[in-house]
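# Examining the three-dimensional arrangement
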Amino acid sequence: MADFLGVSRSATGRRWVGLSEASDRQAQVIAQQTGLPATLSRTLARLGVLPEAATAFLAPSLRDLMPDPSIFRDMDTAAARIKQAISARQRIAIFADYDVDGGSSAALLIDFLRQMGLTATLYVPDRIDEGYGPNEPAMAELAAAHDLIICVDCGTLSHDAIGAAKGTDVIVLDHHMGGETLPPALAVVNPNRQDEDNDFGNLCAAGVVFLTLVAINRLLRADNQTTPDLMALLDLVALATVADVAPLTGLNRALVRQGLVIMGRRNRVGLAALSDAARLTSAPNSYHLGFALGPRINAGGRIGKADLGARLLSTIDPHEAASLADHLSQLNDDRREIEMQVRLQAMEQAEARGFDAPLVWAAHEGWHPGVVGIVAARLKEATNRPTVVIGFDGDEGKGSGRSVTGIDLGSAIATCTREGLLLKGGGHKMAAGLTVTAENLEPAMARLSELLEKQGANDIGPKDLMLDGSVMPSAITTDLIEQLEQAGPFGAGAPAPRFALPAQRITFAKRAGESHLRITAQDAGGGRIDAICFGAYDSPLGPLIDENRGKLFHLAGRLEVDDWGGRKKAKLRLEDAALAE
């Protein structure tokens, strides 16, 4: 495939790639058969949408894509037991992970049970003191005071901890990769159990919880009971799906699309307060969920009190919501500072070890365990390799890993755990966690690198920048951008459309904050567009533009609507550039 606009190496070191010939032809067919605009047709073709499916794709039906919950193993047992607990007014505890998916999953259950007249106990373990997932002391304590414990976004590998819940039923609603055996729970509902044979392994935990609520509602209605409106809970499912980087395809896409509509109504006081704290000026979209709301909720589990996010998402008190949202925003600011320090050190260490290995990793004493996952994600973005970052506290290190498309990091870490190189480890294809001793660090990383090399991690080249085509500033309107949004929501598994703006002259450039850049670009015909590039000075992009003012650039990025001040106008979120001269 030829380099788009002849860009073989851009400012960020990427090759620009346009649609394949086959996708280009398909885009033309979509436009001809449906009458859709050419730009939108190109985006649909790139997403793999067939011409005959284009119209339906733009209006996905949740009803058509929702499976019967009973296809999941243990679902009927779990739904019946929770329904029994509701009918008998039993004491229910919810044990949740400390991230967005765990907090959203807990809030789904708390909200649902509250509408059925029950107040559930929330328990979120401390990331540093207790670590991920159920632990024996916590489960024993909860079991002594409750009739039912529901573990959400955790529990699939927690055999001993769940065994400690003597005399109390435990239900696991999870999505993390299962082991060869299941814990001694009454039910384990998890599309990634080894004995599952359905096609819903991409669901996040909140998606699994939502399907469980569908099953419970069905049982309640059969008993002639009034049931909660589950559609009103989809804002939580959307938030978790995007923040957990689940692919936005199929059912996930429909859940997020409908959830964003619900979120835009601002009926959930916690999300409304968080949107205000994040200074969102319009209804949230998938980008806001992943980069504005999600990080703030995660900040509680990373460096603050672990249950802050779940409490925010489940509260019905506007004053409590505002207080929690402000607190989480401050924690997120603190998290950014800690992350920057660790990121610089990890990048330097990993670079010395080599960015071209099957695994890029870094480890150090004292790195905050709450930020190693984010730093691993930053390393992955910079190197296009699977990454692991580990923070040690004495002899024991807790780490987090991120992977790239096509490389299953979770299974490789599970193998290292079974082989005894890791104390603990698990996750899914794109993200995983681990605990390792200092003695086993080098052998474990060597073995993990070997396993990833067998999957082809050594053959991954620099990441290409995929572009849906080129467009000139004069053609970029708010109408065009709103048309493109019909193909969304965009995120993991469904990248947002990106376009090149050929031969643009930078007529204005100004640094914004520590590392951002604002510019105005103008083409030969006089068409202009404003652009913002976040983190421009954390890469070669900002300096390149500074050093070559007055020259022509090819620009690339996402088209967005800026409604600051109540007036809508088109803008470019600049992601890359290359000299055009």
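The structure we're discussing is the one just above.
Presented here is a report on the structure given in the accompanying data block. Bear in mind the structure is a predicted one, so any value in this text is a computation, not a measurement. (Residues numbered from 1 in each chain as written. Predicted model: local features only at pLDDT ≥ 70, side-chain atom pairs only at ≥ 80, totals over all residues. Heavy atoms only, no water.)

Another point: the sheet that holds strand β8 (residues 387-393). The mixed open sheet is built from five strands, whose spatial order is β7-β8-β9-β11-β10. Edge strands, defined here as strands with exactly one partner in the open sheet, are β7 (360-365) and β10 (424-427). Sheet twist, expressed as the mean angle between neighbouring strand axes with direction ignored, is 15 degrees. As defined by bridge partners, β7 adjoins β8 across six bridges and the pair is classed as parallel. Counted as the bridge partner of tryptophan 361 is valine 388 from β8. (Pairing = 2+ DSSP bridges. Helix = DSSP H or I, 4+ residues; strand = E, 2+ residues; numbered from the N terminus. Axes fitted to C-alpha atoms, helices over the stretch in contact; angles between N-to-C directions.)

The subject of this paragraph is helix α1 (residues 21-34). Compared with the 20 Å implied by 1.5 Å per residue over 14 residues, the 20 Å span of α1 between its first and last C-alpha is a close match. What α1 keeps buried is the set Ser23, Ala27 and Ile30. Down the axis of α1, the buried set is contained in an arc of 60 degrees. They therefore lie on one face. Exposed positions of α1 whose direction lies more than 90 degrees from the buried face are Glu21, Arg25, Gln32 and Gln33. (Expected span 1.5 Å × (residues − 1). Buried < 20%, exposed > 50% of the residue type's maximum accessible area, 1.4 Å probe, protein only. Arc of directions from axis to C-beta.)

On to the side chain of arginine 296, then. Within the fold, arginine 296 resides in helix α13 (residues 286-303). One buried charged side chain, arginine 296, makes no salt bridge at all; its nearest oppositely charged neighbour is aspartate 333, positioned 5.5 Å away. Here the side chain of arginine 296 touches serine 329 through a polar contact of 3.1 Å, side chain to side chain. The contacts of arginine 296, once residues within four sequence positions are left out, are Leu274, Ala277, Ala278, Leu328, Ser329 and Asn332. (Lys, Arg positive; Asp, Glu negative; His and termini not counted. Salt bridge = Lys/Arg side-chain N within 4 Å of Asp/Glu carboxyl O. Polar contact = N/O pair within 3.5 Å; in protein donor to acceptor, adjacent residues only side chain to side chain. Contact = heavy atoms within 4.5 Å.)

As a working rule, side chains carrying opposite charge can pair if their charged atoms are close by. Going through the model one piece at a time under the given rule, you end up with 32 salt bridges. Residues aspartate 147 and arginine 91 are paired through a salt bridge, measuring 3.3 Å at the closest nitrogen-oxygen approach. Taken as a pair, aspartate 147 in the loop between α7 (136-145) and β4 (148-152) and arginine 91 in the loop between α5 (75-87) and β2 (92-96) lie far apart in primary sequence, 56 residues in all. One connected set of salt bridges, linked through shared partners, spans Arg335, Glu339, Arg343, Arg378 and Glu381.

Moving on: the pairing of strand β18 (residues 569-579). By the criterion of burial, β18 is predominantly enclosed, with eight of the 11 residues buried. Of the pairings in the sheet, the one linking strand β16 (residues 528-533) to β18 comprises two bridges and is parallel in character. The residue of β18 that forms the bridge with isoleucine 532 is arginine 573. Bridge analysis of strand β17 (residues 552-562) against β18 gives 10 bridges, and the strand direction is antiparallel. Bridge assignment links valine 561 to a residue of β18, and that residue is alanine 570.

The biggest cluster of nonpolar side chains holds 82 residues, and the ones touching the most others in it are Phe112, Val152, Leu213, Leu239 and Leu293. With 10 residues, the single largest contributor to this core is helix α9 (residues 205-222). Excluding residues within four positions of it along the chain, leucine 213 makes contact with Leu108, Leu109, Phe112, Leu230 and Leu233. Val471, Leu480, Phe499 and Ile506 belong to the second largest nonpolar core, which has 28 residues in total. (Core = buried A, V, L, I, M, F, W, Y, C linked by side-chain atoms within 4.5 Å.)

Let us now look at the packing of α13 against helix α15 (residues 318-353). The geometry of α13 relative to α15 is characterised by a closest axis approach of 8 Å and an angle of 70 degrees between their N-to-C directions. As summarised for this structure, α13 and α15 are arranged roughly perpendicular, according to the angle between their axes. Packed against α13, whose contacting residues are Pro295, Arg296, Ile297, Ala299, Gly300, Arg302 and Ile303, the element α15 presents Leu328, Ser329, Leu331, Asn332, Asp334, Arg335 and Ile338 at the interface. Tallied by class, the residues present in the contact of α13 with α15 amount to seven nonpolar, three polar and four charged. (Parallel < 35°, antiparallel > 145°, perpendicular 65-115°, else oblique. Nonpolar A, V, L, I, M, F, W, Y, C, P; charged D, E, K, R; others polar.)

Enumeration according to the criterion identifies three aromatic pairs in this entry. With a centroid separation of 5.9 Å and an interplanar angle of 55 degrees, the aromatic rings of phenylalanine 72 and phenylalanine 200 are classed as tilted. Placement of the pair is phenylalanine 72 in the loop between α4 (62-65) and α5 and phenylalanine 200 in the loop between β6 (187-189) and α9, with a sequence separation of 128 residues. Of the two residues examined, phenylalanine 72 and phenylalanine 200, each falls in the buried class. Look at tyrosine 287 and phenylalanine 291: their rings are 4.8 Å apart centre to centre, the planes differ by 25 degrees, and that puts the pair in the stacked class. Of this pair, tyrosine 287 and phenylalanine 291 both sit in helix α13, four residues apart, which is roughly one turn of the helix. Classification of tyrosine 287 as partly exposed rests on a relative accessible area of 23%. Sitting above the plane of the tryptophan 361 ring, arginine 353 keeps its charged end 3.6 Å from the centroid. (Phe/Tyr/Trp six-rings, centres within 6.5 Å; stacked < 30°, edge-to-face > 60°. Lys NZ or Arg CZ within 6 Å of the ring centre and 35° of its normal.)

A few words now on the sheet that holds strand β3 (residues 121-123). One open sheet accounts for five strands, arranged β3-β2-β4-β5-β6; its pairing is parallel. Two strands close off the open sheet at either side, each with one partner strand: β3 and β6. Along the sheet, successive strands turn relative to each other by an average axial angle of 20 degrees, direction set aside. One ladder, built from five bridges, connects β2 with β4; its direction is parallel. Its bridge partner lying in β4, alanine 93 is registered against isoleucine 149. Sheet strands touched by α9: β4, β5 (169-173) and β6. Its angle to β5, the strand with the most contacts, is close to 120 degrees.

These results come straight from atomic positions and should not be treated as a statement about function.
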